[in-house]
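# Fold and geometry: a report
Okay, here's what each chain looks like letter by letter:
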Amino acid sequence: MSPAPASPPAPTVSVLAYQGMSAFETGIVTEVFGLVWPELEVRWYELTICAERPGSVGVVGGATLSTPHGLDELAAARTVIIPSVSDVTVDPSPDLVAALRVAHQRGARVVSICTGAFALAAAGLLDGRRATTHWRYADLLRRRYPAVEVDAGPLYIDDHDVLTSAGCAAGLDLCLHLVRKDFGASIANAIARRLVIPPHRDGGQAQYIETPVTAGPDDDRIAGSMTWAMNNLTEPITVRTLARQASMSARTYLRHFARCTGTSPIRWLIAQRVQASLTLLETTNTPIEEIATRWGSRRR
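Let me begin by describing the structure that accompanies this report. Position numbers for residues count from 1 along each chain, tracking the sequence in the order it is written. Per-residue local features of the predicted model are confined to residues with pLDDT of at least 70, and side-chain atom pairs are confined, for both listing and counting, to 80 or more; whole-chain, interface and lining totals are unaffected and use all residues. The basis for the side-chain values is all heavy atoms of the structure; hydrogens and waters are excluded.

Looking only at helices and strands, the protein chain has 12 helices and 10 strands in total. Only protein chains enter the accessibility calculation, which uses a 1.4 Å probe; a residue is then buried when its area is under 20% of its type maximum, exposed when over 50%, and partly exposed in between. A buried classification covers 45% of the 300 residues belonging to the protein chain. Any two residues whose heavy atoms approach within 4.5 Å at even a single point are treated as in contact. Summarising the internal contacts of the protein chain: among those between residues at least 6 apart in sequence, 63% fall at separations of at least 24. Secondary structure counts use DSSP, requiring at least four H or I residues in a row for a helix and at least two E residues in a row for a strand, with both numbered from the N terminus.

If you want it as structure tokens, here you go:
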């Protein structure tokens, strides 16, 4: 009797901890990759928290994180994640730069959250690539690393083996994206449900930039039209339909909708219909064509 085939090794993920960091970003990575989800019936990730030097790392609030793992372990993982750097005006240490280059040359997937993009850029991993970071630091990233094609619009950018995300919370979007790439949409959606977050956020950083949007009648009308659309997703809906609900012209509606949400009405509407259809797609054998018709995606 031949022995049973060995199960594939767990995919490995490492994340950098550094002096003076906020625990939030490490917490994001830990929640997604470090917790065990036995009900999902997949071989989950093996997470390692690393520091430039093994030992204690002080975090915001006076707490201390301790890890025995250093840069060698960081560079050895299949996916290497760098959270925000402590100071965007200071170059990362030569040791960290070397570890990132070794990881990338070895074939690792290198990921940054928020201003972690500065560390990737310093290592030369973003040269000639499109990348993002927090909108507040996008111009500085352009000035410091002109070889990088900085795009402050998206919540994250996937450039195959190098991935970057916007502000800290956008790191959660990117982590779910990595799960989706590795295990498929069904597993990523299950993780999102357990974390009580959307599996995909539509729109980009524009909806979060500090250009204050004055709450007023126009914003109320946009919100009202969105509520109406959510209650009528199975009906044919166009921009003109939504504009009529808001008592605006289509052109005015498009402008106000983009200002309020950072996306277009049709992209938002598609996202809502996709989310509404997920339960049927994942839990029934209903044909895709029937689901598409039911949720209005085939209607004009």
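This part covers the nonpolar core. By nonpolar core is meant a set of buried Ala, Val, Leu, Ile, Met, Phe, Trp, Tyr and Cys residues that side-chain atoms within 4.5 Å join together. By size, the foremost hydrophobic cluster in this structure holds 32 residues, and its most contacted members are L74, V80, I82, L100, L120 and L126. Breaking this core down by element, the ones donating at least two residues are α2 (71–76), β5 (79–82), α3 (94–106), α4 (117–122) and α5 (138–144). With sequence-adjacent residues up to four places away left out, I82 is seen in contact with L16, L74, L96, L100, V111, S112, I113, G116, A119 and L120. By size, the runner-up hydrophobic cluster in this structure holds 31 residues, among which are V29, I81, A170 and L172.

Moving on to the packing of helix α1 (residues 23–34) against helix α6 (residues 170–183). Taken N-terminus to C-terminus, the directions of α1 and α6 make an angle of 20 degrees; their axes are 10 Å apart at the nearest point. Here α1 is positioned roughly parallel relative to α6, judged by the angle of their axes. For the element pair α1 and α6, the recorded crossing hand is right-handed. For the pair α1 and α6, contact is made by I28, V29, V32 and F33 and by G171, L172, C175, L178 and V179, respectively. Side-chain classes are defined by residue name, with Ala, Val, Leu, Ile, Met, Phe, Trp, Tyr, Cys and Pro counting as nonpolar, Asp, Glu, Lys and Arg as charged, and the others, Gly among them, as polar. The residue makeup of the contact of α1 with α6, split by class, is 8 nonpolar, 1 polar and no charged. A fitted line through C-alpha atoms represents every axis, and for helices the fit uses only the stretch in contact; the resulting angles, taken between N-to-C directions, go from 0 to 180 degrees. Should an angle lie under 35 degrees it is considered roughly parallel, over 145 roughly antiparallel, and from 65 to 115 roughly perpendicular; all remaining angles are considered oblique. Handedness of each helix crossing follows the sense of rotation of the near helix against the far helix: counterclockwise by less than a right angle gives left-handed, clockwise gives right-handed.

Any Phe, Tyr or Trp ring, taking Trp's six-membered ring, that has another such ring centre within 6.5 Å forms a pair; planes under 30 degrees apart are called stacked, those over 60 apart edge-to-face, and the others tilted. Per the stated rule, a full pass over the model turns up 7 aromatic pairs. Between the aromatic rings of W44 and Y45, the centroid separation amounts to 4.9 Å while the plane-to-plane angle is 80 degrees, which identifies the pairing as edge-to-face. With a relative accessible area of 8%, W44 lands in the buried category. Among the aromatic side chains, those forming a connected cluster through ring pairs are F33, W44, Y45 and F183.

This paragraph deals with the sheet that holds strand β2 (residues 46–51). Here we have 6 strands laid out as an open sheet, ordered β2-β1-β5-β6-β10-β9, and mixed in their pairing. Only two strands of the sheet have a single partner each, and these edge strands are β2 and β9 (156–159). Strand-to-strand twist across the sheet, computed as the mean angle between neighbouring axes with direction ignored, equals 15 degrees. Here, strands pair whenever DSSP counts at least two bridges between them. Pairing of β9 with strand β10 (residues 162–165), which is carried by 4 bridges, proceeds in the antiparallel orientation. Paired with Y156 across the bridge in β10 is S165. Packing of α3 onto the sheet brings it into contact with β1 (12–17), β5, β6 (109–112) and β10, and relative to β5 it is tilted by some 150 degrees.

Turning to the environment of R101, a few remarks are in order. Secondary-structure assignment places R101 in helix α3. The exposure class assigned to R101 is partly exposed, which follows from its relative accessible area of 38%. Excluding its chain neighbours within four sequence positions, the residues that come into contact with R101 are A122 and A123.

Okay, the pattern of salt bridges next. What makes a salt bridge here is a side-chain nitrogen of Lys or Arg within 4 Å of a carboxyl oxygen of Asp or Glu, nothing more. Under the criterion given, the structure shown has 8 salt bridges. A salt bridge links R129 to D159; its shortest N-O distance comes to 3.2 Å. Taken together, the residues span a long stretch of sequence, with R129 in the loop between α4 and β7 (130–131) and D159 in strand β9 at a distance of 30 residues. R129 gets classed as buried once you look at its relative accessible area, which sits at 16%.

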